[in-house]
Structures are given as C-alpha cells and as structure tokens.
Amino acid sequence: MSLFWQVDFPALLAAGLASGLCALLGNFLVLRRESLLGDAIAHAVLPGIVGGFMLAGALAASAMLAGALAAALIAAGAIQVVRRLGRIEPGAAMGAVFTVMFAAGVFMLEQAAARNLHIDADCVLYGQLEDILWLDAPDISALPREVWTLAGVFAAAAAAVLLLAKEIRLAVFDPAFAAALGFRPGLIHLGLVLFVAAAAIASFEAVGSILVIAMLICPPAAARLMTDNYRTQILLSIALGTGSAFAGYGLAGFAPALLGASWSLNAAGCIAVVSGLAVAAAALFGPRRLSFASAAASLGRG
Amino acid sequence: MTGAGDGLLEALTFQAGYNTGVVMAGSAALGAAAGGVGAFLLLRARAMAADAVGHATLPGLVLAFIAAGALGAEGRALPVLLAGAALTGILGMAAAEALTRRTRLAPDAAIAIALSVFYAAGIVLLSWVQTLPAGSQGGLESFILGQAAALSAAEALGLAVAALLALGLLLALFRPLGLLCFDEHHARARGWPVAGLDAALLGLGALVTVLGLQSVGLVLVVALLILPAVAARFWSKRLAGIFWLSVGFGAGGAFLGAAASSIWLRAPTGASIVLALGLVFAASLLAAPRRGIVAEAVRRARAGWQVRAARALQAGRGYPGAGLFGWRRGGRPTARGAAAVARLELWDRCLAEAPEALPAELAWGIDPLPAEALALLGKRAP
C-alpha cells in the first residue's frame, strides 16, 4: 500500500473528523456567547485525562474519557459556584477554575513521567498527527484507535443534534422560553459541556487540546459572519472545519516541499492557522459581518 | 516527607542559595504586580484579555529568537525575546479588539479566536525553527509551561524591577482607574480619557503577562492575573480592599509556589505557582466570611430554620431552637418572636398582593421588607 494510505490518509481522516466535530459543537458555544467555555473545558480536561491514564496504567481510551468527563463536570460546577457566590463575571470565573485544573494536570503529568508512565505534554499541547498511522491498510479494522474514537464521538454528537434539533435551537436562542414551556435548557447545556469534553479528549491526540479551541470557535465564527440562517451556519461551519483540516495538513506537508525542504511543519498548527485565515477573510468580506449597530451606521453614512 | 518539609522551610527563609532566593523574590514581585493589575482587570471585566495576550506571545518569541540568531547574538538574549513576545502579544489583543468592534462577533469569541490562532501560528513557527541547524531552541519551549529555574539571578532581578515599576505606575493611576471601574459615566463627565485609561490598563496587563512568561509559561500566566483578584473578591467589595488583598495574595502565592518548585524536582514551576495561588483561591472560596461556601451554607441553614420556627410560632406551636433565637419563653412567644411572625406575615402578604416587589437579595420570610415593598402593600390595602 502506498505511503499516502499508510501515513497521510489516517491523519487526514483524524484531522477532518476532529475539525468537523469541534465545528459542529462550537456553533452552540458561539451562539450562546460561551466561546470561552470551550477554552475552559479544553484546559480543564487535562487532569482528568492524566488521572484516568495513571489509574488505568496505559492509554486506555475509556479511562481517559471517563476522567475527562468527570473533570469537565467538576469544572462546570465550580465555575457556577464561583460566579454565584463571588458575584464574579463569567470570564474571570472560568479563568480561575480552568487554570488551576490545568496546572493540576501539568503537575500530574510530571508525576506520571516520574513513574515512567509516558504521556507527553507535547501531545496535549499540539497533538501528534504524525503518529496516527494505518500500517495495515487496507484492513478497515486496523484503522488507528484515534480515528475510531473520533468517528464514534462525531456520530454520537451528530445523532444528538439531529434528534434534539428543535429543543437545542430553542435552548440556544431563548432558554427562558424553553424553561417556561417545560423543556430543560439546563440539561441541554450540560449535554453540550459533556460533548465538548468528549470532543476535546477524542481530538487531543490528533490536534492537541489547545488547538481544539481554534477548531471549536473559528469555523462557526467564520460561518456566522457569512450567513444569518441557523442551519446554513452549522453546515457551513462543518464544511469550513473539515476544509481547514485538509488545507492545513496539505500546507504543513507540501509547502516546505515546494520550497525544497525535506521536513514538514506542525500539521495541527497549520490547520488552526488556516481556520484563522478563514475568519479573517469572513471578517473582511463576509456578507453578514457587520453588527446591527455598525451596519446602521454605515447605512447612515452611505 | 520531613526532608521535603525541611527543604521548603529552608527555601522560605532564603537559605537555599542566592539564585533560588532571587528567583523567589522576583516571583513575589511579579505576583504582586499581577495581583494589582488583575484586580482592575477583574473590575473592568477584561480578565480574559490577558489570556489572549499570553497565548499570542508565542509567535513573537520564536521570531525574536530567529532575529537574535540572525543578528549574531549568542545565548538567549532575554530582553529581545520578551520584546518580540510583547509585540505579538499586543497584536493578538488588538486583533481581538478589532474583531469585536468591526464585526458582529461577541468579545468572548474574538478573544478565543485571537488566542488560539496566534498560538497555533507560534507552534507552526516553532516546528520550523526546530529544523534549523542552530541549537538551543529547546529554551523556547520552556516559555510554554515555564521554567523559573532557568532564570539567572540578574534576569530575575531585572524582571522584579520591571514588575515593581508596573505596580508603581498602577498606583499612580489608582484613582482614575478606580473611578473608571465603578462609575464610567462619572469618569467621562469629569473629562478623564476613558479610552486612554483602558489602553493603559490593558498595556500594563500585557507588560505583566510578558514578564511572567519565563517563570510561569504562557499558557498559565493568565492565572497570575486572575486568581489573586478573584480570591480577593471573596473577602472585600471595596476597591482598596480588593486591590491590596489581590497584591498580597499574588505575592504570597507566587513566593510559596516558587519555593516549592525550587526544592522539589518533580514540581514544574508554572504549575506550582498556579497551584499555590489556587490554594489561596480555594481557601477564599470556602472560608470567606460573607461570600464563602461555608458561610453561605450556614446562612441558608439558619434562614431555613428560622422560617420553620416562625411558622410554628404563627400556628401557636413551639419549635426546637425558638428559645435560642429569643422568640419563645415559658411556652409563649416573646416580643421578638411576635415581631418575627409579623415579618413572616408581611412576606406572605407581599407574595399574594405585590409579588413583583419581592426583593431577590434578602432572606425570604426573615429579613425586614424594604420601604418600597411596604409602601406598595400599604397602598393595596386588602
């Protein structure tokens, strides 16, 4: 089997799935003005991942997933407590909670390294797409574990969004009305937090947990600046996300080659930069980029 | 463990070596400055802007490293690196500001975008630098999670002086910034340059962030600016209280964390400092007398108990604890008990007749109703 199928294809698959998944979930964060919650969860899951890893003794996906979910729940709960009791603005409350949890995670990473349990800080900070290989191509069952995890979480998220489409739409745009009608917008919010945590852990081996933030927010933000339609925004953001994944991966691998070099750039970083460029383009040229106030102002002037 | 305890005591009393002592003192100065700036950032609701600055410093660090190498500088050239960091850090913050102002994206989305994209650009540049023949770029990676131990005494001293200068500048602007945080319209009316003050505050935030990069790392440096201020907020609601408590917590936490990291090999510096500050934060969250979790739980339990006691008294029955409150003696309600029942009945009336006037902040059924609610009830006589 050619090198493309063994090396590039699984990486592209993982990157594409991770980006699409994060883009899908990120829409609800951006629309609810909770983008920093994505930042917070992506950082806060670290102690959960390392804890699960240390308890299970190996890269046991289910132990790390359980740890990540627990950490996300603890973080979400702690943020609420800090906001209510301390009368502290949401951003600072999130910042206080997730930095302490991330520091705890870094501390635990050091302890794990001391016991020769090797989980890389690098992996967490910028992912390792290069390590996602399909050596036994074309045997589908031999696809790397990361791809299966991502596919699973993506399928679950897509199913949840489709099944609960109306409830989610209501909870996102008018939670008070949803509560008055007897729906439980709080549960939907909780579900969103858990899915973001699952996406973060599924993606961290592909693109690293900090780059997950870029993929959560940039594609939906770019889509938001291009359309007013809710469904169009969601579909467009997934397309932009996966597009950034392919373009970024290509850039990382082939741009240096074009300049005559034999090495490649960090793929996850390139993917995030491409998605950032998409936001920049949308901010400059997107048909719906203006806020109501600035649009009105420009109409008045023109 | 006694060995570790002794080592910590040594470090805390400046007996663990000159270098360690200077680094610890430098961390304390940094913590103090970060606490001070952070207090104003918190009150201005701009705490997360510092996160954007922190992550956005990465590309600047790498570019400065390349530039320093190209200009033939040997070694690490900390001031050059920090200058590069400051440049892209401020650019990142400006990008977030531009996105907020010119598009319909909300400020939180703009910060998240700037933070993650600049950081990613830094990672890409880092991956390129790692292929260049010049060695020692491993030092660059220490900026991500911090490594105060790598600071020389001279560097630590320089950072400490810069931090104290920042604190001094903040004190000079104390009153205008305070007015800005609590009454922006008044500040504008008095002719203070609001935009300029905001820019100065954010600039000081960026400065402290850059100074903290080496010890705490760019991912965690925002914690220095947020944790002490948030902890202080649990203890005080006045500007001076929040400010000085924040300065104290920042200095103390950073000092403690740096000491712990210097003697325990398996304690990474940035994480140790943040965890020490986190301990202060957690202690404040739990134990603060008015806003802490314990105080809140006690308050709720007491209020619930009192409501049940008043209800029982209203029905002519006794209730365990009514004697303790001074509401019942010898099987009959006292004057204070009768007053408590009267208050409860007023709340019941308010709920039935003027529910919109029910105050949200008071203890239901226990606290006296405010004058507006009473006036409304008076007008709507049954």
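Note that this is a predicted model, so its numbers are computed, not measured. (Residues numbered from 1 in each chain as written. Chains lettered and ligands numbered in written order. Predicted model: local features only at pLDDT ≥ 70, side-chain atom pairs only at ≥ 80, totals over all residues. Heavy atoms only, no water.)

1. Points about the overall build of chain A
Thinking step 1. Summing up its helical and strand segments, chain A has 13 helices and 0 strands in all.
Thinking step 2. Listing each helix as α and each strand as β along chain A from the N terminus yields α-α-α-α-α-α-α-α-α-α-α-α-α.
Thinking step 3. Since a compact globule built from 302 residues should have a radius of gyration of about 19 Å, the 20 Å found for chain A is in line with a globular shape.
Thinking step 4. For chain A, the proportion of its 302 residues judged to be buried stands at 52%.
Thinking step 5. Summed over its atoms, the accessible surface of chain A is roughly 12500 Å², and 67% of this surface lies on carbon and sulfur atoms.
Thinking step 6. Each charge class in chain A can be summarised by its mean position, and for the 15 positive and 16 negative side chains these summaries are 19 Å apart. (Helix = DSSP H or I, 4+ residues; strand = E, 2+ residues; numbered from the N terminus. Rg over C-alpha atoms; globule rule 2.2 N^0.38 Å. Buried < 20%, exposed > 50% of the residue type's maximum accessible area, 1.4 Å probe, protein only. Areas by Shrake-Rupley, 256 points an atom, 1.4 Å probe, with all protein chains shown as cover. Lys, Arg positive; Asp, Glu negative; His and termini not counted. Charge placed at Lys NZ, Arg CZ, Asp CG, Glu CD.)

2. Some remarks on the overall build of chain B
Thinking step 1. Helix and strand content of chain B: 16 helices and 2 strands.
Thinking step 2. If one aligns the C-alpha atoms of chain B with their principal axes, the spans along those axes are about 90 × 60 × 35 Å.
Thinking step 3. Split into buried and exposed, the 382 residues of chain B put 52% on the buried side.
Thinking step 4. Within chain B, counting contacts between residues at least 6 apart in sequence, those at least 24 apart form 67% of the total.
Thinking step 5. Total accessible area on chain B is roughly 16700 Å²; 66% of this is exposed by carbon and sulfur atoms.
Thinking step 6. Across chain B, the centroid of the 29 positively charged side chains sits 12 Å from that of the 19 negatively charged ones. (Contact = heavy atoms within 4.5 Å.)

3. Quick look at the confidence of the model for chain A
In low-pLDDT segments, the atomic positions of the prediction should not be examined closely.
Thinking step 1. Residues with a pLDDT of 70 or more make up 90% of chain A, whose mean pLDDT is 86.
Thinking step 2. Averaged over each element, pLDDT in chain A is lowest for helix H13 (residues 292-301) of chain A (60) and highest for helix H12 (residues 267-285) of chain A (94). (pLDDT = per-residue confidence, 0-100.)

4. Considerations on the packing of aromatic side chains
Thinking step 1. Under the definition given, this model contains 12 aromatic pairs over all chains.
Thinking step 2. For the pair Phe4(A) and Trp5(A), a centre-to-centre distance of 5.5 Å together with 80 degrees between the ring planes defines the contact as edge-to-face.
Thinking step 3. In this structure Trp5(A) comes out as partly exposed when scored by relative accessible area, which is 33%.
Thinking step 4. When the ring of Phe40(B) is compared with that of Phe243(B), the centres are 5.6 Å apart and the planes differ by 50 degrees; the resulting orientation is tilted. Of the two residues, Phe40(B) is situated in helix H2 (residues 18-43) and Phe243(B) in helix H12 (residues 239-263); the sequence distance between them amounts to 203 residues.
Thinking step 5. You can call Phe40(B) buried: its relative accessible area is 0%. (Phe/Tyr/Trp six-rings, centres within 6.5 Å; stacked < 30°, edge-to-face > 60°.)

5. A word on the domain arrangement of chain B
Thinking step 1. Domain annotation for chain B reports domain 1 (2-287) and domain 2 (293-379).
Thinking step 2. Each of domain 1 of chain B and domain 2 of chain B has a C-alpha centre, and the two are 49 Å apart. (Domains from an automatic or database assignment.)

6. Considering the packing of helix H8 (residues 174-182) of chain B against H12(B)
How two helices pack is summed up by the angle between their axes together with the distance between the axes.
Residue and element names in this part refer to chain B.
Thinking step 1. Their axes nearest at 11 Å, the elements H8 and H12 cross at an angle of 115 degrees. Handedness of the crossing formed by H8 with H12: right-handed. Of H12, the residues touching H8 (which contributes Phe174, Gly178 and Phe182) are Leu239, Ala240 and Phe243.
Thinking step 2. Residue classes in the contact of H8 with H12 are distributed as 5 nonpolar, 1 polar and no charged. (Axes fitted to C-alpha atoms, helices over the stretch in contact; angles between N-to-C directions. Left-handed = near helix turned anticlockwise from the far one by under 90°. Nonpolar A, V, L, I, M, F, W, Y, C, P; charged D, E, K, R; others polar.)

7. Notes on the environment of Ala267(A)
Residue and element names in this part refer to chain A.
Thinking step 1. Take Ala267: it is sitting in helix H12.
Thinking step 2. Judged by its relative accessible area of 4%, Ala267 falls in the buried class.
Thinking step 3. Separated by 214 residues in the primary sequence, Ala267 and Phe53 place their C-alpha atoms 25 Å from one another.
Thinking step 4. Sequence-distant contacts of Ala267, that is, excluding residues within four places in its chain, are made with Leu129, Glu130, Gly248, Tyr249 and Ala252.

8. Some details on the pattern of salt bridges
Residues and elements named next belong to chain B.
Thinking step 1. Scanning the model with the defined rule gives 12 salt bridges over all chains in all.
Thinking step 2. Among the salt bridges present, the one from Arg101 reaches Glu97, with a minimum N-O distance of 2.7 Å. On the criterion of helical spacing, the pair formed by Arg101 and Glu97 is a turn pair, its members being 4 residues apart in helix H4 (residues 78-102).
Thinking step 3. Judged by its relative accessible area of 34%, Glu97 is partly exposed. (Salt bridge = Lys/Arg side-chain N within 4 Å of Asp/Glu carboxyl O.)

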